[in-house]
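Below are the chains, spelled out letter by letter.
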Amino acid sequence: MIKKYNKIAFSGILALNLLFANPAISQHKKGKQTKQLKQTDINYTQYVNPLIGSAGHGHVFVGANVPFGAVQLGSVNVFEGWDWCSGYNYASNTILGFTHTHLSGTGIGDLNDILLLPVSGKAALTKGTKEDMATGYGSYFSHNNEIVKPGYYSVLLDKYNIKAELTASERVGFHKYTFDSADDAHILVDLADGIGWDRPVKTFIRKVDETKIEGYRYSAGWAADQRIYFAMEFSEPIANITLHDSTAVVRGNGGEGLKMKAVLDFNTLKNKQVLVKVGISPVSSENAGANIKAEIPNWDFDKVVKEANSKWNKELNKFQIKGDEKTMKVFYTSLYHTMFAPSIFNDANGDYLGTDKKVYEKANFTNYTTFSLWDTYRGLHPLYTITQPEKINDIVKSFLAIYQQQGRLPVWHLMGNETNTMNGNHSIAVIVDAYLKGYRDYDTELAYEAIKKTAMQTRDGMDYVQKLEYIPADKMLESVGNALEYAIDDYCIAQMAKALNKTEDYAYFTKRANLYKPYFDKETTFMRGKLTNGKWRTPFNPLSSAHRKDDYVEGNAWQYTWLVPQDPYGLIDLFGSEESFLNKLDALFLITDKVEGEDVSPDISGLIGQYAHGNEPNHHIPYLYAFAGQPWKTAKLIREIDDKFYSTKPDGLCGNEDLGQMSAWYVLSSMGFYSVNPANGIYVLGSPLVNTAVINYKKGISFKINAIDNSADNIYIQRAEYNGQPYTKSYITQEMIAQGGELKLYMGSKPSLTFGVKKENRPN
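A.B. asks: Looking at this structure, I do not really get unusual backbone geometry. What am I missing?
C.D. replies: Of all residues except glycine, most have a negative phi; of all peptide bonds, most are trans. Residue Pro 342 is reached from Ala 341 by a cis peptide bond, and omega for that bond is 0°. Along the chain, Pro 342 turns up in the loop between helix H4 (325-337) and strand S22 (343-344). In this model, Asn 112 sits at a positive phi of 60°, which is unusual for a non-glycine residue. Position of Asn 112 among the secondary structure elements: in the loop between strand S5 (97-99) and strand S6 (115-119). Given the relative accessible area of 0%, Asn 112 is considered buried. Even without being a glycine, Ser 246 presents a positive backbone phi close to 65°.

Put into structure tokens, the structure is as follows:
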């Protein structure tokens, strides 16, 4: 129960508040100098394989970008269904062109704005198909002629015999096309094409001069009102431009229409090459052009490739690990994938488009978009508090700007639009986690106002929550999933209220945080939907899943019974004893029955028993053993999950990447710990996959994990030392990482029946 354990939890939180309120204090403790490790940058991009997760359900973006860049420039295949949500799937051999915005690992298709395609011969105006690339635009290609590296992509377009190379800065895509002929070169610009749910609403193209064009694309889709402006600069003069609205000719050098396209002709080329710089902006074509001048003022393609690689390498060096070949490749590819989103959503001069569709000029912070918070609050954002300390405040400021513009914090924000996708209000957890860890370079009173007001909405069952009641299953779908997610957010509000001495709010939101309990059926020991009359919904089958039609969200009762990461001890109490809890938890992983139902969510993937690693609400479950004194069972599961569900192949992810959460789980878990509670600064130990890991938290502050005698057989922690002293806890803290130092984990082939077992050594 939350109340039972709050004294310990809050003493820890207050200690964290004192520690992080003054960053200088965090570098020293009781006058003792923290241990500092000298950082030497290593070429870690060599271990990144961007094609991992591009097949199957991974949905990752494949192309050229820089960390958190607005531009994600990559190829787009012929769309073949859900597994092409990013625009690219390794199973394809078609390319329709190269687009400048993508989503990585989501379950909904959108973006793929501003398509360019170099062509020879007559330029078609309609897309080719999977079966026929001869009559429409696009080309077949071979993966043998494809190169993908961080910040660089190249491919040979078989139909045209053109080599296309791509790189990028934060707001500019840089194309290099090498033609087979010097006098048969054209570039198609298509503003009609999007992907998935996306459709154009209004598009515009205008030739500015002989080397420049500009325009915009307004579209509707998952992002209901998306606006993107562009400016393009060419290394060679445009000999002729032909404009079309769909296939109808538009006369002149500019035109607006629903589906504008342009065919650009080039006469004899130097070195048979055309280079194109494409700046994008959420505000104006003028700003898009200014972004080009600010970020890529020259025509040195190779220099930009090197700069992009350097930006990636700088980020990857924040974690310096040693492990076997597979671990090195999966780790650094995973770390790479954690930095595609959130993505920059303002111009080099600070301008951005608000959720209210007003332009905010020269903002004094970096504005971000693409927040898949239902997924990422669990592990990715806690990871950012370790790897991205310089970005945390700007992420919170982005949330607060959205709050001021739309009246509540974001749920799933995309390109200045609230999509209202998925459940909960998890920007709350992200803000509270940042606040309690000492990230406070924003209006903290406004932040508290925002989380409280957001929690006092009446949408999606929150009217029941406000009255401290359960959400009746006969009044709304997904009642259990909604309620359990709300309880997590309400717990977070209570912690911030406590830290701010708002005692009435603390008491109220602590009661709301306990509202997961009415859904627990002690007879079946499952979380269940409860009707208005107080009875359980029947018939009940804990194996059943009906996508968006039942009491859960992309899951079933077996999976949702454990969604209490904020209060595992309260959950244990509901079971009546640790023994009952452990028996049920064991059964989750051992059950051989399959998920049942006519409309099972495809997100229920990566199964061990009924545990579904492919879906984020499950990610904390293996670590719950530590709360019941059996951490060795966590260790065994971590190794099994790594072995079964993470590989170096294109289908190396068992579920959607979901903008970095699937990879964040691996990054944290492979170093030996994970953020079960997303907002209390405690990381539960598991089983390190790496032999050593140096976390370069800030300049001069490093935290090292050394797994002694780690191997495929030695998977269990036997004992530990922290800064040379015995360490008996089955968890570490943000405080330890922020101070720097060294944690030694001594590994063995048999479970230790003492390490982390005593109640005083279990996670708070």
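A.B. asks: Help me understand the environment of Tyr 352 in this model?
C.D. replies: Examined against the element boundaries, Tyr 352 turns out to sit in strand S23 (residues 352-353). Those residues within four positions of Tyr 352 in sequence are excluded, and the remaining contacts are Pro 282, Val 283, Phe 345, Asn 346, Lys 358, Val 359, Tyr 360, Ala 363, Phe 365, Asn 367, Ala 401 and Gln 405. Of note is the side chain of Tyr 352, whose polar atom sits 3.2 Å from the side chain of Gln 405.

A.B. asks: Can you walk me through the sheet that holds strand S10 (residues 162-168) in this structure?
C.D. replies: Hydrogen bonds between backbone groups are what pair the strands of a sheet, and the pairing can be parallel or antiparallel. Sheet architecture is open: 9 strands sit in the order S8-S9-S10-S11-S20-S15-S14-S13-S18, paired in antiparallel fashion. One side of each edge strand has no neighbouring strand; the edge strands of this open sheet are strand S8 (146-149) and strand S18 (254-257). Sheet twist, expressed as the mean angle between neighbouring strand axes with direction ignored, is 15°. For strand S14 (residues 212-220) and strand S15 (residues 226-234), the ladder comprises 8 bridges, and the chain directions are antiparallel. Bridge assignment links Tyr 218 to a residue of S15, and that residue is Arg 227. Where helix H3 (residues 301-316) meets the sheet, it contacts strand S9 (152-157), S10, strand S11 (172-178) and strand S20 (273-281), and its direction lies at approximately 50° from that of S10.

A.B. asks: Looking at this structure, I do not really get the environment of Lys 130. What am I missing?
C.D. replies: Tracing the backbone through its elements, the reader meets Lys 130 in the loop between S6 and strand S7 (139-140). Residues Lys 130 and Gln 320, 190 residues apart in the sequence, show an inter-C-alpha distance of 43 Å. For Lys 130, the residues in contact, after removing those within four places along its chain, are Val 78, Glu 80, Thr 94 and Tyr 140.

A.B. asks: What am I meant to see in the pairing of strand S19 (residues 260-266) here?
C.D. replies: Two faces, one strand: in a regular strand the side chains alternate between the faces of the sheet. Within S19, 7 of the 7 residues are buried, which leaves the element mostly enclosed by the surrounding structure. Bridging between strand S12 (residues 185-190) and S19 involves 6 bridges; their strand directions are antiparallel. The residue of S19 that forms the bridge with Asp 190 is Lys 261. By the bridge criterion, 6 bridges tie strand S16 (residues 240-245) to S19 in an arrangement that is antiparallel. Of the residues in S19, the one forming a bridge with Ile 241 is Leu 264.

A.B. asks: How should the sheet that holds strand S28 (residues 417-418) be read in this particular structure?
C.D. replies: In space, the 3 strands of this open sheet follow the order S26-S27-S28, with antiparallel pairing throughout. In the strand order of this sheet, the two ends are held by strand S26 (371-372) and S28, each with one partner. Pairing geometry for strand S27 (residues 412-414) and S28, over 2 bridges, is antiparallel. Along S28, the bridge assignment pairs Leu 414 with Asn 417.

A.B. asks: Is there a simple way to think about empty space enclosed by the protein in this case?
C.D. replies: A water-sized probe, rolled over the atoms, reveals where empty space remains. A complete count under the given rule lists 9 cavities of 30 Å³ or more for this structure. Counted as a void, the largest cavity has a volume near 190 Å³. In terms of lining, the largest cavity is formed by 25 residues, of which the most central are Ala 70, Thr 101, Ser 343, Ile 344 and Met 415. Listed by contribution, the elements that provide at least two residues to the lining of the largest cavity are S15, S20 and S22. A per-class count over the lining of the largest cavity returns 13 nonpolar, 9 polar and 3 charged. Of the volumes computed, that of the second largest cavity is approximately 90 Å³. Forming the walls of the second largest cavity are Pro 631, Trp 632, Ala 635, Leu 685, Gly 686, Tyr 716, Ile 717, Pro 751, Ser 752 and Phe 755. Split into classes, the residues belonging to the lining of the second largest cavity amount to 8 nonpolar, 2 polar and no charged.

A.B. asks: Would you mind showing me how to read the pattern of salt bridges here?
C.D. replies: Where charged atoms from two side chains of opposite charge approach closely, those side chains can pair. For the coordinates displayed, the defined rule picks out 29 salt bridges. Glu 315 is the partner of Lys 318 in a salt bridge, and the nearest nitrogen-oxygen pair spans 3.0 Å. Residue classification places Glu 315 among the buried positions, given a relative accessible area of 8%. Its salt-bridge partner being Arg 548, residue Glu 478 comes within 2.5 Å of it at the nearest N-O pair. Here the residue Glu 478 occupies a position in the loop between helix H10 (462-466) and helix H11 (479-499), and Arg 548 occupies one in the loop between strand S30 (526-527) and helix H13 (557-560), the gap between them amounting to 70 residues.

A.B. asks: Quick question: what am I supposed to make of the side chain of Ser 54 here?
C.D. replies: Its location among the elements puts Ser 54 in the loop between strand S2 (32-33) and strand S3 (74-76). Owing to a relative accessible area of 1%, Ser 54 belongs among the buried residues under this scheme. In this structure Ser 54 touches Val 60, Val 62, Tyr 88, Asn 89, Tyr 90 and Pro 650, once residues within four positions along its chain are discounted.

A.B. asks: What exactly am I supposed to notice about the packing of aromatic side chains here?
C.D. replies: Centre-to-centre distance and the angle between the planes together describe a pair of aromatic rings. Summed over the entire model, instances satisfying the criterion amount to 39 aromatic pairs. Here the aromatic rings of Tyr 44 and Tyr 332 are separated by 4.2 Å at their centres, their planes lie at 15°, and the arrangement is stacked. On the criterion of sequence distance, the pair formed by Tyr 44 in the loop between S2 and S3 and Tyr 332 in helix H4 is long-range, its members being 288 residues apart. Each member of the pair, Tyr 44 as well as Tyr 332, carries the same accessibility label: buried. Three or more aromatic residues joined by ring pairs make a cluster, and in this case those are Tyr 44, Tyr 47, Phe 319, Phe 331 and Tyr 332. Taking the ring centre of Phe 540 as reference, the NZ or CZ of Arg 528 above it sits at 4.2 Å. The positively charged end of Lys 530 is found above the aromatic ring belonging to Tyr 470, 5.4 Å away from the centroid.

Each value, and the rule that gives it
- The numbers attached to residues start from 1 for each chain and follow its sequence in the written order.
- Given that the model is predicted, a residue must reach a pLDDT of at least 70 before its local features are reported, and side-chain atom pairs must reach 80 or more before they are shown or counted; all residues, however, enter totals for whole chains, interfaces and linings.
- Side-chain figures throughout are based on the complete set of non-hydrogen atoms in the structure, without hydrogens or water.
- The helix count covers DSSP runs of H or I at least four residues long, the strand count covers runs of E at least two residues long, and both are numbered beginning at the N terminus.
- Residue exposure (1.4 Å probe, protein chains only): buried if accessible area is under 20% of the type maximum, exposed if over 50%, otherwise partly exposed.
- When checking whether two residues touch, look at their non-hydrogen atoms; a contact exists if any pair is within 4.5 Å.
- Polar contact criterion, stated in full: a pair of N or O atoms within 3.5 Å, where within protein one must be able to donate a hydrogen and the other to accept it, and residues adjacent in sequence count only if both atoms are side-chain atoms.
- Here, any two strands with at least 2 DSSP bridges between them count as paired.
- Whenever a helix is involved, its axis is fitted only over the stretch in contact; in every case the axis is a line through C-alpha atoms, and angles between N-to-C directions fall within 0 to 180 degrees.
- A 1.4 Å probe that fits into a set of points on a 1 Å grid over the protein atoms alone but cannot get out defines a cavity; an open set with protein on both sides within 12 Å along at least five of seven lines defines a pocket, and lining residues are those with an atom within 4 Å of a point.
- Grid points are joined across faces, edges and corners, and a volume is the space filled by probe spheres set on the points.
- Under this grouping Gly is polar, as are all residues other than the nonpolar Ala, Val, Leu, Ile, Met, Phe, Trp, Tyr, Cys and Pro and the charged Asp, Glu, Lys and Arg.
- A side-chain nitrogen of Lys or Arg and a carboxyl oxygen of Asp or Glu constitute a salt bridge if their distance falls within 4 Å.
- Only centres within 6.5 Å qualify two rings of Phe, Tyr or Trp (six-membered ring in Trp) as a pair; their planes then separate them into stacked at under 30 degrees, edge-to-face at over 60, and tilted for everything else.
- Working rule: Lys NZ or Arg CZ, within 6 Å of ring centre, within 35 degrees of ring normal, means a charge sits over the ring.

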